[in-house]
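Survey of secondary and tertiary structure
Take a look at the letters that make up each chain.
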Amino acid sequence: MVEIDKKRDAIIEGAIKRFIHYGINKTTMNEIAEDLSVSKPSLYYYFPDKNSLVFGVIDKIFSDYFEIIEKDKSTEMSIEERLTGFIEVKHRFFQKYYMLHLSGGSPDSSLNSDELREHFMKMKLKNEHFHADIFRAAMDRGELAKDDADKIAELYLESLAGITSLCILHGNKELFPSKKEMKAMLEKQINLSNIFLKGLK
């Protein structure tokens, strides 16, 4: 069982490398098999089609993200420091997996399936619930005024996502955003977070 999991993880890691470099739409299952020096039957044993492999990749990325932020959740720090830390983690993931965003453009893309959209929505809700718990804990400690933590978390995350969307919209979709653009986006998100928190005190 451990050997199967290792093989599956190796395939996902190989797929991530190729997806990041070429995008999901331009990558074939044959290319991933060649990269990993595995037979096509072996690859299809773990992932019967490309969509199931994309699911595996998305699950891996979200799993890594939640593992990091949940670890940080237990440390003692102010709400400002904690949320800034989460923004920085999310920013690192955005930089690393930016090419996956570019893969969602065509109507027949794996990223446009109803099943995957539903999966993304579950991850989005998990992130909102996680942040709601953070806001609720800050309210219990007296750092923030008592309010509806769930609504606050949803608005907070959507506000940060808006800055990311504007960054992508104003950038050149064929190229990776420059370091300057990435830095500006991070600074804007941290500034927004701090302004948002001031309004909740």
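Calculation criteria
- The residue numbers shown here count from 1 along each chain, following its written sequence.
- Local features in this predicted model are restricted to residues of pLDDT 70 or higher, and side-chain atom pairs are both shown and tallied only at a pLDDT of 80 or more, whereas totals for entire chains, interfaces and linings draw on every residue.
- Heavy atoms from the whole structure form the basis of all side-chain values; hydrogens and water molecules are not counted.
- Per-residue confidence from the predictor is given as pLDDT, running between 0 and 100.
- Put simply, DSSP marks the helices as runs of H or I at least four residues long and the strands as runs of E at least two long, and each gets a number from the N terminus on.
- Contacts are assigned to residue pairs that have any heavy atoms within 4.5 Å of one another.
- UniProt positions are given in the numbering used here, feature names are shortened, and annotations may be inferred rather than shown by experiment.
- The cut-offs for exposure are 20% and 50% of the maximum accessible area for each residue type, with area from a 1.4 Å probe on protein chains only; residues under the lower value are buried, those over the upper are exposed, and the others partly exposed.
- In this context, the arc is that of the directions from the helix axis out to the C-beta atoms.
- Here an angle of 0 to 180 degrees is reported between the N-to-C directions of two axes, which are lines fitted to C-alpha atoms, with helices fitted over the stretch in contact.
- Convention used here: angles under 35 degrees read as roughly parallel, angles over 145 as roughly antiparallel, angles from 65 to 115 as roughly perpendicular, and any remaining angle as oblique.
- Working rule for handedness: look at the near helix, and if it is turned counterclockwise from the far one by less than a right angle, call the crossing left-handed; if clockwise, right-handed.
- Polarity classes work like this: nonpolar for Ala, Val, Leu, Ile, Met, Phe, Trp, Tyr, Cys and Pro, charged for Asp, Glu, Lys and Arg, and polar for all others, with Gly in that last group.

With 88% of its residues at a pLDDT of 70 or more, the protein chain has an overall mean of 85. No element of the protein chain has a lower mean pLDDT than helix α6 (residues 98-102), which averages 66, and none a higher one than helix α5 (residues 79-96), which averages 93. The low-confidence segment residues 104-108 (pLDDT under 50) makes 7 contacts with residues lying over four places distant or belonging to another chain.

Here we come to the UniProt feature "DNA-binding region" (unreviewed entry) in the protein chain. Mapped onto this numbering, the UniProt entry gives "DNA-binding region" (unreviewed entry) at residues 28-47. Secondary structure across residues 28-47 divides into 75% helix and 0% strand, with the first and last C-alpha atoms of the span separated by 13 Å.

The next point concerns helix α2 (residues 29-36). Taken residue by residue, α2 has M29, I32 and A33 as its buried positions. The buried residues of α2 occupy one face: seen down the axis, they fall within an arc of 100°. Of the residues one or two after α2, S37 is the one with positive phi, at around 55°.

Close contact between helix α4 (residues 50-73) and α5 brings their axes to 10 Å; oriented N to C, the two are set at 160°. Taken together, α4 and α5 sit at an angle that is classed as roughly antiparallel. The chirality of how α4 crosses α5 is right-handed. Taking contact as the criterion, the partners of I61, D64, Y65, I68, I69, D72 and K73 in α4 are, on α5, R82, F86, V89, K90 and F93. Here the residues of the contact of α4 with α5 sort into 7 nonpolar, no polar and 5 charged.

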